[in-house]
Amino acid sequence: MNQRHITAFLFAALCAAGAAQAQNAVPSTATQEMQFPSREGSLSPPSTLRMTVTPETPPVVIRDTPESQAEFQRCRQVSDRAAVSNAQMQAGLEQCMRELEQRRQQ
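## Looking at a nonpolar patch on the surface
Together, Leu49, Met51 and Val53 line one region of the surface with nonpolar side chains, adding up to about 220 Å² of accessible area. For Leu49, the position within the fold is in strand β2 (residues 47-53). Under the relative-accessibility criterion, Leu49 is labelled partly exposed at 36%.

## Topic: the pattern of salt bridges
Enumeration over the complete set of coordinates arrives at four salt bridges. Of the charged contacts, one joins Arg104 and Asp64 as a salt bridge, the two residues approaching to 2.9 Å between their closest N and O atoms. Residue Arg104 is located in helix α3 (residues 86-105), and its partner Asp64 is located in the loop between β2 and α2 (66-82); the two are separated by 40 residues in the primary sequence. Residue Arg104 is classed as partly exposed on the basis of its relative accessible area, which comes to 32%. The salt bridge partner of Glu101 is Arg104, with a shortest N-O separation of 3.5 Å.

What counts as what
Residues numbered from 1 in each chain as written. Predicted model: local features only at pLDDT ≥ 70, side-chain atom pairs only at ≥ 80, totals over all residues. Heavy atoms only, no water. Patch = residues over 30% accessible without salt bridge, like charges linked within 9 Å, V, L, I, M, F, W, Y side chains within 5 Å. Areas by Shrake-Rupley, 256 points an atom, 1.4 Å probe, with all protein chains shown as cover. Salt bridge = Lys/Arg side-chain N within 4 Å of Asp/Glu carboxyl O. Helix = DSSP H or I, 4+ residues; strand = E, 2+ residues; numbered from the N terminus. Buried < 20%, exposed > 50% of the residue type's maximum accessible area, 1.4 Å probe, protein only.

Structure (structure tokens):
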């Protein structure tokens, strides 16, 4: 009976120590490695997949004024109508985006 209590106590202590170590071992950026193939006897050469997991941060919410949004739409319509090639359309979009960014910084 006494042996069971000691064994249960040691088991609980080991579980608590393992949990504490696992919590302390998790950095803010965790890297996980997996080896493939995972079965013995596979003829494929082994390869390693390495994934880095970073904690998600909420996206920055940008709220433009209705006037700024209307100005951006007007700029897009004018530049799209004036463009005769895909390159000109992309250049016009870049210009409209630069102007929008300038308005955001003011």
